[in-house]
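What follows is each chain in one-letter form.
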Amino acid sequence: MQPTEETLPPEQTHWRRNMWVCVFGSFSTIVAMTLLLPFLPLYVQQLGVTEPAAIARWSGIAYGATFLSAALTAPLWGKLADRYGRKLMLIRASLGMAVAMSLIGMATAPWQLVALRLLAGLLGGYASGSTIMVAAQTPKQHTGWALGILSSGIMAGNVVGPLLGGALPPLIGIRHTFWLTGAVIFVAFLATTFLLRDPPRQTAQKKAAVAGDVATVQQGVVWLMWLSGALLIFANMSIEPIITLYIGQFVAGDHAITLTAGIVMAAAALGNIVSAPRMGRLADRIGHGKVLVTGLLACALLLIPQAFITAAWQLVILRFLMGVALGGLMPCITAIIRHNVPSSQVGRMLGYSTSAQYVGQVGGPLFGGFVGGALGMRPVFLATCVVMALCGALNLWWLRRKTQ
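Keep in mind that this is a model prediction, so the values were computed, not measured.

Colleague: Just checking my understanding: could you explain the overall build of the protein for this structure?
Modeller: Along the protein, the regular secondary structure elements total 17 helices and zero strands. Computed over its C-alpha atoms, the radius of gyration of the protein comes to 21 Å, within 12% of the 22 Å expected for a compact globule of 404 residues. In terms of principal-axis extent, the alpha carbons of the protein reach across some 65 × 50 × 30 Å. Partitioning the intrachain contacts of the protein with sequence separation of at least 6 by distance along the chain shows that 85% fall at a separation of at least 24. When the accessible surface of the protein is summed, it comes to about 17900 Å², and 70% of that surface belongs to carbon and sulfur atoms. Measuring between centres, the 26 positive side-chain charges of the protein sit 4 Å from its 10 negative side-chain charges.

Below, the structure written as structure tokens:
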């Protein structure tokens, strides 16, 4: 019999409302982290940098700064969430991001922009904190679906952010764009503060729980999920440096090339958004490990024809299908970690998982750029296929061993 809201444990009573608040907050903060990508070089130029090489250098440093500090602090925030409450960490992240984004709009020098982007990553982490809360508070039979909904919100933020970054500055100016974004995140802060429900910490059982945690979390499955998460992001990001050049082989004209490249990237994101909740619900029904293995192997197979396309529209379709295959995999990874560690360790373990994903986000483009420059662009897809196939095989071995 499925548990009702009345029979659920106290920490799971408000899981649906908490999930939707987390979706809104994650969407708005991810938009804030990504919307400056289209106009970042222009903002750096407004801050007094005139040399093209210096503009590119400062832009790259400023954009990567947020993700660097976020990767380094994710395990810390996860650990503090376990200790002091997950709602408190989300309040900190939303208020910190609102302040940091507003201050970025007041920068007067490029070093200030970099410092404030570092601060945004340091104080932020709303999306990773939301993942921890949703994973910890959702009943196990709904974990995949809830994490899939959250994943769709995060991916939607990654799509909408650059689109707003291209549309708003010509209308209201760059600085006002940052201030408007800060205001929207402040609304997320208010929603988190007044709508989110986090039950009181049960301090009486804390020492006993922690004492029993150490042996429980020393399982190979957690390390395997960290690796799988990193490789998943790695595979998705590996073609980023070469996509425009690759499309240039099939499309003529700079405007057509950039437009098609944007469509290709949006197609993968759209496939992810559409499939994540459905894949999550399927995983809740048949098992998260089965969906993870199937998705990894499907991605590996879909990478092969991408290396041999003869027209750009073929790549659009293949990237959409790959987005569909990828959609439910990160929620599956999170759910497997959640189900294999005790509640008092969920935040810390998922924090390390977030850091591993940031490693993939950095390593994927580096790998794609290096292989593309040394061997050509088609081998990037085939090399990434091998990586995904090995990851799928490793997870299949784990699943069979678990079944036996």
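Colleague: Help me understand helix α10 (residues 220–237) in this model?
Modeller: What sets the pattern is the α-helix's 3.6 residues per turn: residues three or four places apart point alike. With 18 residues, α10 extends 26 Å between its outermost C-alpha atoms, agreeing within 8% with the 26 Å of an ideal straight helix rising 1.5 Å per residue. Judged by how many residues are buried, α10 sits mostly within the fold: 13 of 18 residues are covered.

Colleague: Please clarify how the side chain of Ser28 should be interpreted in this entry.
Modeller: Tracing the chain through its elements places Ser28 in helix α1 (residues 15–34). A polar contact of 3.0 Å, which involves the side chain of Ser28, links it to the backbone oxygen of Gly25. Excluding anything up to four places from it in sequence, Ser28 contacts Val184, Ile185 and Ala188.

Colleague: Which parts of the structure should I look at to understand a nonpolar patch on the surface?
Modeller: A cluster of nonpolar residues, Leu95, Val99, Leu103, Met106, Trp179, Phe186, Leu190, Phe194 and Leu195, forms a patch on the protein surface that exposes about 790 Å² of accessible area. Elements that contribute at least two residues to the nonpolar patch include exactly α4 (86–104) and α8 (174–195). Ranked by the residues each element gives to the nonpolar patch, the list is headed by α8, at five residues. Tracing the backbone shows Val99 in helix α4. Among the residues examined, Val99 registers a relative accessible area of 43% and is labelled partly exposed.

Colleague: Is there a simple way to explain the environment of Leu394 in this structure?
Modeller: Within the secondary structure, Leu394 is located in helix α17 (residues 378–403). Exposure remark for Leu394: the relative accessible area of 35% places this residue in the partly exposed category. Sequence spacing of Leu394 and Tyr84 is 310 residues, and the spatial spacing of their C-alpha atoms is 36 Å. Beyond its immediate chain neighbours, meaning those up to four positions away, Leu394 contacts Leu224 and Leu227.

Colleague: Could you clarify how one ought to interpret the packing of aromatic side chains in this entry?
Modeller: Note on aromatic pairs: each is described by the distance of the centres and the angle between the planes. Evaluated as defined, the whole model comprises eight aromatic pairs. Summarising the aromatic geometry, the rings of Tyr43 and Phe178 are spaced 5.3 Å apart at their centres and angled 45° between planes, so their arrangement reads as tilted. Of the two residues, Tyr43 sits in helix α2 (residues 40–46) while Phe178 sits in helix α8, which places them 135 residues apart along the sequence. Taken individually, Tyr43 and Phe178 each receive the classification buried, so the pair is uniform in this respect. Taken together, the ring pairs connect Trp223, Trp226 and Tyr352 into an aromatic cluster.

Colleague: Explanation requested: the environment of Gly364 in the structure shown.
Modeller: Of note, Gly364 is situated in helix α16 (residues 346–375). Separated by 20 residues in the primary sequence, Gly364 and Thr384 have C-alpha atoms spaced 9.1 Å apart. Residues in contact with Gly364, not counting those within four places in the same chain, are Phe234, Met237 and Ser238.

Colleague: Help me understand the confidence of the model for the protein in this model?
Modeller: Segments scoring low in pLDDT should not have their predicted coordinates read at a detailed level. Of the residues in the protein, 91% reach a pLDDT of 70 or more, and the chain-wide mean stands at 82. With pLDDT under 50 throughout, residues 1–6 is counted as low confidence; its partners more than four residues away or in other chains account for eight contacts. Here residues 207–215 is modelled with pLDDT under 50, and outside its nearest four sequence neighbours on either side it reaches five contacts, counting other chains as well.

Colleague: So what exactly am I meant to see when it comes to the side chain of Thr138 here?
Modeller: In this structure, Thr138 sits in the loop between α6 (126–137) and α7 (143–172). Look at Thr138 and you get buried, because its relative accessible area is 2%. At 2.6 Å, the side chain of Thr138 forms a polar contact with the backbone oxygen of Val134.

Colleague: So what exactly am I meant to see when it comes to the nonpolar core here?
Modeller: A general tendency of soluble globular proteins is for nonpolar side chains to be buried together. In this structure, Tyr43 and Met388 are the most contacted members of the largest nonpolar core, which totals 113 residues. It is α10 that contributes the most residues to this core, 10 residues altogether. Excluding residues that lie within four positions of it along the chain, Tyr43 makes contacts with Ile104, Gly105, Met106, Ala107, Leu113, Ile174, Arg175 and Phe178.

Colleague: When you look at the packing of α1 against α4 in this model, what are you seeing that I'm missing?
Modeller: In helix packing, the relevant descriptors are the interaxial angle and the interaxial distance, both defined with respect to the helix axes. Contact pair α1 / α4: the axes reach a minimum separation of 11 Å and the direction vectors enclose 30°. Here α1 lies roughly parallel to α4, going by the angle between them. Judged by the twist between their axes, the crossing of α1 over α4 is left-handed. Along the contact surface, α1 presents Cys22, Thr29, Ala32 and Met33, while α4 presents Leu90, Met97 and Met101. Of the residues assigned to the contact of α1 with α4, the class counts are six nonpolar, one polar and no charged.

Definitions and limits used
- Residues numbered from 1 in each chain as written.
- Predicted model: local features only at pLDDT ≥ 70, side-chain atom pairs only at ≥ 80, totals over all residues.
- Heavy atoms only, no water.
- Helix = DSSP H or I, 4+ residues; strand = E, 2+ residues; numbered from the N terminus.
- Rg over C-alpha atoms; globule rule 2.2 N^0.38 Å.
- Contact = heavy atoms within 4.5 Å.
- Areas by Shrake-Rupley, 256 points an atom, 1.4 Å probe, with all protein chains shown as cover.
- Lys, Arg positive; Asp, Glu negative; His and termini not counted.
- Charge placed at Lys NZ, Arg CZ, Asp CG, Glu CD.
- Expected span 1.5 Å × (residues − 1).
- Buried < 20%, exposed > 50% of the residue type's maximum accessible area, 1.4 Å probe, protein only.
- Polar contact = N/O pair within 3.5 Å; in protein donor to acceptor, adjacent residues only side chain to side chain.
- Patch = residues over 30% accessible without salt bridge, like charges linked within 9 Å, V, L, I, M, F, W, Y side chains within 5 Å.
- Salt bridge = Lys/Arg side-chain N within 4 Å of Asp/Glu carboxyl O.
- Phe/Tyr/Trp six-rings, centres within 6.5 Å; stacked < 30°, edge-to-face > 60°.
- pLDDT = per-residue confidence, 0-100.
- Core = buried A, V, L, I, M, F, W, Y, C linked by side-chain atoms within 4.5 Å.
- Axes fitted to C-alpha atoms, helices over the stretch in contact; angles between N-to-C directions.
- Parallel < 35°, antiparallel > 145°, perpendicular 65-115°, else oblique.
- Left-handed = near helix turned anticlockwise from the far one by under 90°.
- Nonpolar A, V, L, I, M, F, W, Y, C, P; charged D, E, K, R; others polar.

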